[in-house]
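Chain by chain, the residues run as shown.
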Amino acid sequence: MLHDSRSITVNDYEKEVTVEGWAQEVRNLGGISFLILRDRYGVVQITAPKKKITPEIMQAITSLSRESVVRVTGTVRASAQVKSGYEIIPSALIVQSPSATPLPMGVVDKVDVEMDTRFNHRYMDLRKPEVRSIFEIKSLTMRLIDEYLADNAFVEIFTPKLVASGAEGGSTLFKVDYFGKVAYLAQSPQLYKQMLMSTGLDRVFEIGPAFRAEPSDTARHVSEFISFDGEMAHIDSQEDVMAMIEGCTQFVISEVKERGARALEMIGSEVVLPKAPYPILSYEKAVGMVQGAGFKIELGEDLGTEGEKLLGDLMAQDGNEMYWIVEYPEEAKPFYIMEKDGTPYSYSFDLDYRGQEISSGGQREHRYDRLVQRMEKKGLELSSFEFYLNSFAYGMPAHGGWGLGVERMVQKMLGLPNIRETILFPRDRNRLVP
RNA sequence: GCCCCGGUAGUGUAGUGGCCUAUCAUGAAGCCCUGUCGAGGCUUCGACUCGGGUUCAAAUCCCGACCGGGGCGCCA
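All figures in this text were calculated on a predicted structure; none of them were measured in a lab.

**Student:** Explanation requested: the sheet that holds strand β9 (residues 181–185) in the structure shown.
**Tutor:** The strands that make up a sheet pair up through hydrogen bonds in the backbone, lying either parallel or antiparallel. Spatial strand order, β7-β9-β8: three strands in an open sheet with antiparallel pairing. Each edge of the open sheet is held by one strand with a lone partner, namely β7 (162–163) and β8 (175–178). Relative to β9, β8 is paired through four bridges, and the arrangement is antiparallel. By the bridge assignment for β9, Asp-177 is matched with Val-182.

Set out below in structure tokens:
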């Protein structure tokens, strides 16, 4: 039975164990050599005093190239001089996979590595515990979302990622050849999750990839990301939807602090549970706030990146990390959002986390005639949405929902500078490999 | 897509017309050292993104391509 750096305890002292990992570092002092072996959970020190081990093992250790995979069997010995409190005196060592030299980038080098170099050699980058830990937190986040929504009677769904038309029109879609027909990679499960609202599956969610062919080039955009979508029927207002997201984000972040403590320590992130309830700002109020801070913007305009950041700073002054911006102009919102009659606004919301939008949603237009009107107003070709529209013609309850960018949430939660840090193999305008 | 900045050993950098046979660190190869943990000491190795141009002379100046960083836009 293989041990790892985490599972060796005082009970193993003076006993023989076998460990396997990457040779992180060899320090040869002549009469004694130290091999630092790294595995998923940490490092163990293999201590090789020349007089106590065979010349073959001494030779094998001192000639090891960094990052080779080795398996070591030896006796565990208590040592006050080692951080872990113990070391292993080797009796056998097998090089299972030697590493070539030099490394394309160092795992523990004392020099910086640029982000581009890191992503070109992501397999090597991920050997750093602080990088790997981000994905343990991301995995935990997914599981917690699952847990929360299951507790709230949501059904997990899987909608097609190969589709014939998009939710917002054609320009942001990736085109693919589908047996000679034109198809697209789905930019959102929007149409499908709404159709399900007419079925009795009245609370659904999906966590899956979304594809956007936007020519965006920022630290918060990628062309493939994980979208956490939810939709609920029989709602009274969008506040029902907002309450669900608020509960979910509160649950996720507080549990990440608990259950992810070890990984968070590796990353060096101090996660703060946002103050709840999250303040609700109307779009008008938000515009007024940034205007008041001297930012030039007209009512009706989008806040823009700077406005969004500025609002984040203003909210942070009162200790608010998350807040809602509701009732955006209907003109700026997609066709499926319900208009607030008698105003230029809509029943919609954005959830901002430290000056960045992580989620948006609202109440949907479920009234067939009004939906058709709105689609015509947005210039959509009704015939390509027939499959969707039909589900509104035979009994569709009032409903609302959201989409939340999982990576944006993880990024903001961990305070990371770039969304790419939260994606193993990010896709953007210039990166398709690896 | 726009604006600004950049591309030099495996990695990260210094060098902005001749003093470059290109700096430093890290790394790699090797040697010395019995308690290292950013080990230390010594020796060696290794680079100017590509294509044009200007000049007696280009890593350095100009043009183009490709790539990257920061910001914006588009957008989530």
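**Student:** Just checking my understanding: could you explain the nonpolar core for this structure?
**Tutor:** Where a protein is soluble and globular, its nonpolar side chains tend to be buried together. Phe-228, Trp-402 and Leu-414 are the most contacted members of the largest nonpolar core, which has 45 residues in total. Those residues in contact with Leu-414 that sit more than four places away from it in its chain are Ile-134, Ile-137, Leu-264, Ile-267, Ser-269 and Val-271. Val-19, Ile-61, Tyr-86 and Leu-93 belong to the second largest nonpolar core, which has 21 residues in total.

**Student:** Hey, could you run me through the domain arrangement of chain A in this one?
**Tutor:** How big an interface is tends to be reported as the loss of accessible area on association of its parts. The domains assigned to chain A are domain 1 (2–97) and domain 2 (124–422). With seven residues of domain 1 in contact, the opposing surface of domain 2 contributes five residues. When the two sides are added together, the surface that domain 1 and domain 2 hide from each other amounts to roughly 530 Å², 37% of it contributed by carbon and sulfur. At the surface where domain 1 touches domain 2, the tally comes to two salt bridges. The interface formed by domain 1 and domain 2 contains five residue pairs in polar contact (both at pLDDT 80 or more). For the side of domain 1 that touches domain 2, the class distribution of residues is two nonpolar, no polar and five charged.

**Student:** What is the right way to read the side chain of Ser-391 from this model?
**Tutor:** Looking at the element boundaries, Ser-391 is found in the loop between α11 (386–389) and β16 (399–405). For Ser-391, a relative accessible area of 14% translates into the label buried. Looking at Ser-391, its side chain comes within polar contact range of the main-chain oxygen of Tyr-388, at 2.8 Å. What Ser-391 contacts, discounting residues up to four positions off in sequence, is Met-195, Ser-198 and Met-396.

**Student:** What exactly am I supposed to notice about the layout of surface pockets here?
**Tutor:** A probe matching the size of a water molecule, rolled over the atoms, marks out where space remains unfilled. Space inside the largest pocket adds up to approximately 1,300 Å³. Lining the largest pocket are 48 residues; nearest its centre among them are Arg-212, His-221, Glu-357, Ser-360 and Arg-408. Those elements giving two or more residues to the lining of the largest pocket turn out to be α5 (190–196), β11 (224–233), α9 (304–316), β14 (348–353), β15 (356–363), β16 and α12 (406–414). A per-class count over the lining of the largest pocket returns 13 nonpolar, 17 polar and 18 charged. In this structure, the second largest pocket spans a volume of roughly 450 Å³. Ile-36, Gly-42, Val-43, Val-44 and Lys-83 are the residues nearest the centre of the second largest pocket, which is lined by 19 residues in total. Those elements that provide at least two residues to the lining of the second largest pocket are β2 (32–39), β3 (42–49) and α4 (129–151).

**Student:** Where do I start with the protein's contact with RNA strand B in this structure?
**Tutor:** In the neighbourhood of RNA strand B, 49 residues make up the surrounding shell, with Gln-81, His-221, Val-222, Thr-305 and Glu-357 lying closest. The sugar-phosphate share of atoms of RNA strand B within 4 Å of the protein amounts to 53%. Contact between RNA strand B and Arg-408: a sugar or linking oxygen at 2.8 Å from a side-chain N or O atom of the residue. Elements supplying a minimum of two residues to the surface near RNA strand B: β1 (16–28), β2, β3, α2 (115–120) and α9. Split into classes, the residues belonging to the surface near RNA strand B amount to 13 nonpolar, 15 polar and 21 charged.

Cut-offs used in this document
Residues numbered from 1 in each chain as written. Chains lettered and ligands numbered in written order. Predicted model: local features only at pLDDT ≥ 70, side-chain atom pairs only at ≥ 80, totals over all residues. Heavy atoms only, no water. Pairing = 2+ DSSP bridges. Helix = DSSP H or I, 4+ residues; strand = E, 2+ residues; numbered from the N terminus. Core = buried A, V, L, I, M, F, W, Y, C linked by side-chain atoms within 4.5 Å. Buried < 20%, exposed > 50% of the residue type's maximum accessible area, 1.4 Å probe, protein only. Contact = heavy atoms within 4.5 Å. Domains from an automatic or database assignment. Buried area = accessible area lost by both parts, 1.4 Å probe. Salt bridge = Lys/Arg side-chain N within 4 Å of Asp/Glu carboxyl O. Polar contact = N/O pair within 3.5 Å; in protein donor to acceptor, adjacent residues only side chain to side chain. Nonpolar A, V, L, I, M, F, W, Y, C, P; charged D, E, K, R; others polar. 1 Å grid on protein atoms, 1.4 Å probe; cavity = no way out; pocket = protein on both sides within 12 Å on 5 of 7 lines; lining within 4 Å. Points joined across faces, edges and corners; volume = space filled by probe spheres on them. Near = heavy atom within 4 Å.

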